[in-house]
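Chain residues, written in single-letter form:
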Amino acid sequence: MAEDFVIPPPPRADAAVAGTSARFPVRRIFCVALNYADHAREMGKEATPDEPFFFAKPADALVADGAAIPYPPQTGDFHHEIELVAALRDGGLNIPAERALDCVYGYAAGIDLTRRDLQAAARAIGRPWDMSKGFDLSAPLGAIRPAADIGHPARGRIALSVNGATRQQGDLSDMIHPVAGIVAALSRYVALAPGDLIFTGTPAGVGPLRPGDHVEGVVEGVGTVSLTIKKDD
Ligand code: MN
């Protein structure tokens, strides 16, 4: 017995990379709140122009592209948020914005699934967002495309449809904090590391999902992500 664990170690989360069978090992998942002004408005909030606001999901909340997931427990208002996701190959503390993009391995389309009713309740009484954002199967992710192939997208359509009807639509150029600024700001709070993912916020049009819904998201120049909510058994 070479292993020295008192229980079997849990599997490490990983993600698909376009064009290769090799996987991207996932360390942590960070997310930016209110990074598009039109989404901040629909949430009844001010955008955060000075400094992005961050929250997190566990790495094993990842869901592979095309998966069918159950409607989650403890919610009656389960929302989609299409986002550009940056996957880091390097990190550190206090990364200057001018060097931040060098830390990015690639990009994917992801969905920040949210139990909106729990988030609203937590907000109202000043409680943390963990159970509204960081729950099981809350982070569907499409294949990562290496920046070496696609560059660092700063503009392009970001959109999501449910059962073929467009629900969310925006442009990456509408992001209040671009990826370089996000990486630089987050690295002032935590030492970023290879394997970290950053969900960079969602445009307006978030809304509820129901059992049986089919969700398709796209980030122009990056890729797609799809998801089905299982029907009740
Ligand atoms: Mn989000």
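The sections below set out a description of the structure shown in this document. Counting of residues starts from 1 at the beginning of each chain's written sequence and follows it residue by residue. Local features in this predicted model are restricted to residues of pLDDT 70 or higher, and side-chain atom pairs are both shown and tallied only at a pLDDT of 80 or more, whereas totals for entire chains, interfaces and linings draw on every residue. Side-chain descriptors were evaluated using all non-hydrogen atoms of the structure, hydrogens and water having been removed beforehand.

Once that is clear, we can look at the environment of Gln 74. Mapped onto the elements, Gln 74 comes out in the loop between strand S6 (67-69) and strand S7 (78-80). Each residue gets one of three labels from its accessible area relative to the maximum for its type: buried under 20%, exposed over 50%, partly exposed in between, using a 1.4 Å probe on protein chains only. A relative accessible area of 64% places Gln 74 in the exposed class. Note: C-alpha distance between Gln 74 and Asp 117 (43 residues apart in sequence) is 9.1 Å. In this description, contact between two residues means that some pair of their heavy atoms is separated by no more than 4.5 Å. Beyond its immediate sequence surroundings of up to four residues, Gln 74 is in contact with Arg 115, Asp 117 and Leu 118. Numbering goes from the N terminus for both helices and strands, where a helix is a DSSP run of H or I of at least four residues and a strand is a run of E of at least two.

To qualify as a nonpolar core, a set must consist of buried Ala, Val, Leu, Ile, Met, Phe, Trp, Tyr and Cys residues joined through side-chain atoms within 4.5 Å. Core analysis: the biggest nonpolar cluster contains 41 residues, and Leu 84, Tyr 107, Leu 113, Val 179 and Val 183 have the highest contact counts within it. When contributions to this core are tallied by element, the ones reaching two or more residues are strand S3 (29-33), strand S8 (82-88), strand S9 (104-111), strand S13 (157-162), helix H6 (179-186), strand S17 (214-219) and strand S18 (223-229). It is H6 that contributes the most residues to this core, six residues altogether.

Bound to the manganese ion on the protein side are Glu 81 (OE), Glu 83 (OE) and Asp 112 (OD), at distances that span 2.0 to 2.2 Å. Ordering the donors of the manganese ion by residue number gives the pattern E-x1-E-x28-D. Of this pair, Glu 83 sits in strand S8 while Asp 112 sits in the loop between S9 and strand S10 (114-115); the two residues are 29 residues apart in sequence, bridging distant segments of the chain. Both residues of the pair, Glu 83 and Asp 112, count as buried. Donors, by definition, are the N, O and S atoms found within 2.8 Å of a metal, the threshold being 3.2 Å for Na, K and Ca, and water is not counted, so a site can look incomplete.

The phi dihedral of Leu 34 falls on the positive side, at around 50°, and the residue is not glycine. Residue classification places Leu 34 among the buried positions, given a relative accessible area of 13%. A positive phi angle is found at Asn 94, which is not glycine, with a value near 55°. Within the secondary structure, Asn 94 sits in the loop between S8 and helix H2 (97-100).

A few words now on the sheet that holds S13. Here five strands make up an open sheet; going across it, the order is S6-S18-S17-S13-S14 and the pairing mixed. Among the strands making up the open sheet, the edge pair consists of S6 and strand S14 (165-171). Going from strand to strand, the sheet's axes swing by 20° on average, the running direction of each strand aside. When DSSP finds two or more bridges between a pair of strands, those strands are recorded as paired. Bridge count for S13 against S14 is six bridges, and the pairing is antiparallel. The partner of Val 162 across the bridge, within S14, is Ala 165. Axes here refer to lines fitted to C-alpha atoms; in helices the fit is confined to the stretch in contact. Angles between the N-to-C directions go from 0 to 180 degrees.

One open sheet accounts for three strands, arranged S10-S7-S16; its pairing is antiparallel. The sheet terminates laterally at S10 and strand S16 (207-208), the two strands that pair on one side only. In the sheet, S7 pairs with S10 via two bridges, with the strands oriented antiparallel. Bridge pairing in S10 links His 79 to Thr 114.

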